[in-house]
Amino acid sequence: MVSQNELLAMAERYLLQTYARPAFVLERGSGVELFDMTGRRYLDFVAGIAVNAFGYADPAMLQVISEQAAQLIHTSNLYHTAPAIELAQALAEASFADRVFFCNSGAEAVEGALKFARKAARERYGEGRPGILAFEGSFHGRTMGALAATSREKYRKPFEPVMPGVRFAPYNDLLAAEQAFGADLCAVIVEPIQGEGGLRSASPAFLRGLRELCDRHGALLIFDEIQCGLGRTGRLWAHEESGVTPDIMVLAKPLGGGLPIGAILLTEAVAQHIHVGDHGSTFAGSPLVCAVALAAFHRLSDPVFLAHVREVGDYLTEQLEGLREELPQQVLEHRGRGLMQGLRLTIPAAEVQARAMDRGLLVATAGEDILRMVPPLIVEKEHIDEALSILRQALV
Ligand SMILES: *Cc1c(COP(=O)(O)O)cnc(C)c1O
């Protein structure tokens, strides 16, 4: 058996160093707990970056994986298989959408959405409308198109030229969005709650205003619910409370129950401009990943499950608000809702993250000064109590 220390040395030698990973190797998980190779336990408030909604070793997910894997894993999109069709129906019937395209990740979903928006604009209006409006603080992924719509220069600059045609306006500022609008725009892309960008929520008025601007100018409204969607806020969709629906919505993170999948949801008005041969993917929508995603979606959209997320989410809000009042020297602001919450700190978030890790709690960051918590949606109040007690120690 290779030891943890040997593996860490091998990782340093062989892995491309694109992540600053901590010095342990995760071996197994159960519920909201992870264990490294030395048997150390971690309470997990990261959930594979808002992916593992049901935590680890969930029996129902394991059963679907093994049953479907024994039947069919992959066929390519040259052929129909039942899980993809049933998943598309489930997503469409639970949303504004009429049709669904499957892909393999969040960035790929964003790429496809931008392609579909450009194609629809070209068919409706002819040339001259390639423009995309995105927002400051946005994160849409690491591929050349999704990266072009990602505001943080640190991610984007080293790889320029990225896809041309994107401009940015301040988030939650409708007047600025109106000023940034023009006849060259085919789409506006926005996260109803920004994830990487610091857990800021779009106001319902902002989303409504964007809807109006898009309608007035004939542009499409794209919601990126890759992180905030699918139950994370205690509602199936984070945009629900705004009463606004988009023309296109992209999903990914928790959809595959831990397996990689992305989805692009579209209205028929957009879909009618996308034809055979316009887009594709070898791996996307495989029977294995779609069968697991279908089981995951049934659970994520269950009203009882969503009520649990709201209940523990409200509890987390209370506790974090309490912490902010208790430690004003360290905590400036509490952000987010449901099980997507964070604290803006006066000290570097990475330092607090490291101190929490030493005490057995995994949390994420969002930028330099924001500590981000996106635990499995099955988390219970007792886990929140434990996390808060560790966090309190890590902050002082
Ligand atoms: C994670 C994320 C993406 C990118 O997804 P990947 O699967 O990492 O490509 C895009 N948008 C949002 C809002 C995200 O949180």
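Predicted model only: the values in this text are computed from it and were never measured.

Considering a nonpolar patch on the surface
Among the surface-exposed residues, Val2, Met10 and Tyr14 lie close enough to one another that they form a single nonpolar patch of about 310 Å² accessible area. By secondary structure assignment, the location of tyrosine 14 is in helix H1 (residues 4-14).

As for the nonpolar core
Of all hydrophobic cores here, the largest spans 81 residues; its most connected members are Leu91 and Phe135. The dominant element in this core, judged by the number of residues it contributes, is helix H11 (residues 287-300), at 9 residues. Two domains each donate at least three residues to this core, and these are domain 1 (4-57 + 303-395) and domain 2 (72-300). In this view, leucine 91 contacts Val100, Phe102, Trp237, Leu251, Leu255, Ala263, Leu265 and Phe297; residues no more than four positions away in its chain are not counted.

As for the site of the ligand
Taken together, Ser105, Gly106, Ala107, Phe139, His140, Gly141, Glu191, Asp224, Ile226, Gln227 and Lys253 make up the full set of residues adjacent to the ligand. A distance of 2.7 Å is found between an oxygen atom of the ligand and a backbone nitrogen or oxygen belonging to alanine 107. One of the side-chain nitrogen or oxygen atoms of glutamine 227 is found 2.8 Å away from an oxygen atom of the ligand. Burial of the ligand by the protein chains amounts to 82% of its free accessible area of 380 Å².

So, the sheet that holds strand E12 (residues 340-345)
Backbone-to-backbone hydrogen bonds join strands into a sheet, with any given pair of strands oriented parallel or antiparallel. An order of E11-E12-E15-E14 is seen for the 4 strands of this open sheet, with the pairing classed as antiparallel. Two strands bound the open sheet, and with one partner strand each, they are strand E11 (331-337) and strand E14 (364-365). Bridge analysis of E11 against E12 gives 6 bridges, and the strand direction is antiparallel. What sits directly across from histidine 334, in E12, is leucine 343.

What to know about the packing of aromatic side chains
Inspection of the entire model under this criterion finds 8 aromatic pairs. Aromatic pair phenylalanine 101 and phenylalanine 116: ring centres 5.8 Å apart, planes at 85 degrees, arrangement edge-to-face. Residue phenylalanine 101 is located in strand E4 (residues 99-103), and its partner phenylalanine 116 is located in helix H5 (residues 106-125); the two are separated by 15 residues in the primary sequence. Between phenylalanine 139 and tyrosine 155, the aromatic rings sit 5.7 Å apart at their centres with planes inclined by 80 degrees, giving edge-to-face as the arrangement. In this pair, phenylalanine 139 is assigned in the loop between strand E5 (131-135) and helix H6 (144-148) and tyrosine 155 in helix H7 (residues 153-156), connecting sequence segments 16 residues apart. Judged by relative accessible area, phenylalanine 139 falls into the buried class, the value being 17%. Given the relative accessible area of 14%, tyrosine 155 is considered buried. A network of ring pairs unites the aromatic residues Phe135, Tyr171 and Phe206 as a single cluster. Lying over the aromatic face of phenylalanine 54, arginine 299 brings its terminal NZ or CZ to 4.1 Å of the ring centre.

Side note on the sheet that holds E4
Taken together, the 7 strands give an open sheet; going across it, the order is E4-E10-E9-E8-E7-E5-E6, and neighbouring strands pair in mixed fashion. This sheet does not close on itself; its edge strands, each paired only once, are E4 and strand E6 (166-169). Adjacent strand axes in the sheet meet at a mean angle of 20 degrees when their direction is disregarded. Inspection of the sheet shows strand E7 (residues 185-190) paired to strand E8 (residues 220-224) by 4 bridges, in the parallel sense.

Focus: unusual backbone geometry
Glutamate 160 connects to proline 161 through a cis peptide bond whose omega is 5 degrees. Within the secondary structure layout, proline 161 lies in the loop between H7 and E6. At alanine 47, a residue that is not glycine, the phi angle is positive and equals roughly 55 degrees. Position of alanine 47 relative to the elements: it lies in helix H2 (residues 47-50). Given a relative accessible area of 0%, alanine 47 falls into the buried group. Unusually for a residue other than glycine, alanine 57 sits at a positive phi of about 55 degrees. Looking at alanine 57, the relative accessible area reads 48%, which means it is partly exposed.

A short note on H5
Helix length check: H5 (20 residues) gives 28 Å between terminal C-alpha atoms against 28 Å at 1.5 Å per residue, within 8%. For H5, the set of buried residues is Gly106, Ala107, Ala109, Val110, Gly112, Ala113, Leu114, Phe116, Ala117, Ala120 and Ala121. Once H5 finishes, glycine 126 follows within two positions and takes phi at roughly 85 degrees, a positive value.

A closer look at the pairing of strand E2 (residues 33-36)
One ladder, built from 4 bridges, connects strand E1 (residues 26-30) with E2; its direction is antiparallel. Pairing of arginine 28 across the sheet is with phenylalanine 35, part of E2. The turn linking E1 back onto E2 is made up of 2 residues, and glycine 31 within it adopts a positive phi angle of 60 degrees. Inspection of the sheet shows E2 paired to strand E3 (residues 41-44) by 3 bridges, in the antiparallel sense. Paired with phenylalanine 35 across the strands is arginine 41, a residue of E3. Counting the residues in the hairpin turn of E2 and E3 gives 4 residues, including glycine 39, whose phi is positive at 90 degrees.

Concerning the side chain of aspartate 58
You can see aspartate 58 is positioned in the loop between H2 and helix H3 (59-71). One polar contact links aspartate 58 to arginine 299, side chain to side chain, over a distance of 2.8 Å.

Quick look at the domain arrangement of the protein
Per the domain assignment, the segments of the protein are domain 1 (4-57 + 303-395) and domain 2 (72-300). Computed from C-alpha coordinates alone, the two centres of domain 1 and domain 2 are separated by 26 Å. Each partner contributes residues to the interface: domain 1 has 27 residues there, and domain 2 has 26 residues. Summed over both sides, the interface between domain 1 and domain 2 buries roughly 2400 Å², with carbon and sulfur atoms accounting for 58% of that surface. When residues of domain 1 are sorted by the area they lose upon contact with domain 2, Phe54, Arg337 and Met340 head the list and together hold 32% of the total. Joining domain 1 to domain 2, the criterion identifies 2 salt bridges.

What counts, and where the lines are drawn
In this convention, every chain numbers its residues from 1, walking through the sequence in written order. Two thresholds apply to this predicted model, a pLDDT of at least 70 for residue-level local features and 80 or more for giving and counting side-chain atom pairs, whereas whole-chain, interface and lining totals are computed over all residues. Side-chain metrics in this entry use all non-hydrogen atoms of the structure; hydrogen atoms and water are not considered. Grouping into patches uses exposed residues only, defined as over 30% relative accessible area, and leaves out salt-bridged ones; the cut-off is 9 Å for like charges and 5 Å for nonpolar side chains (Val, Leu, Ile, Met, Phe, Trp, Tyr). Here the accessible surface of atoms and residues is derived via Shrake-Rupley with a 1.4 Å probe, and residues count as covered only by protein chains that are part of the display. A carboxyl oxygen of Asp or Glu within 4 Å of a side-chain nitrogen of Lys or Arg is what we treat as a salt bridge. A helix here means a DSSP run of H or I that spans at least four residues, while a strand means a run of E at least two residues long, and both kinds are numbered starting from the N terminus. The criterion is simple. A nonpolar core is a set of buried Ala, Val, Leu, Ile, Met, Phe, Trp, Tyr and Cys residues joined through side-chain atoms within 4.5 Å. With a 1.4 Å probe rolled over the protein chains alone, any residue whose accessible area is under 20% of its type maximum counts as buried; one over 50% counts as exposed, and the rest are partly exposed. Those domain boundaries reflect an automatic or database domain assignment. Contacts are residue-level and defined by heavy atoms, with any inter-residue pair within 4.5 Å sufficient. Only a single heavy atom is needed: when it lies within 4 Å of a molecule or strand, its residue is near that molecule or strand. Here a polar contact is recorded for every N or O atom pair within 3.5 Å, except that within protein the pair must consist of a potential hydrogen donor and a potential acceptor, and residues adjacent in sequence are included only if both atoms are side-chain atoms. Pairing between two strands is assigned when DSSP locates at least 2 bridges connecting them. Pairing of aromatic rings covers Phe, Tyr and Trp, the last through its six-membered ring, and needs centres within 6.5 Å; plane angles under 30 degrees mean stacked, over 60 mean edge-to-face, and all others mean tilted. Here, a charge over a ring is recorded when the distance from Lys NZ or Arg CZ to the ring centre is within 6 Å and its angle to the ring normal is within 35 degrees. Note on geometry: axes are C-alpha line fits, over the in-contact stretch for helices, and angles between N-to-C directions span 0 to 180 degrees. In a helix, the anticipated span is given by 1.5 Å times the number of residues less one. By buried area we mean how much accessible surface two parts lose on assembly, using a 1.4 Å probe and totalling the loss over both.

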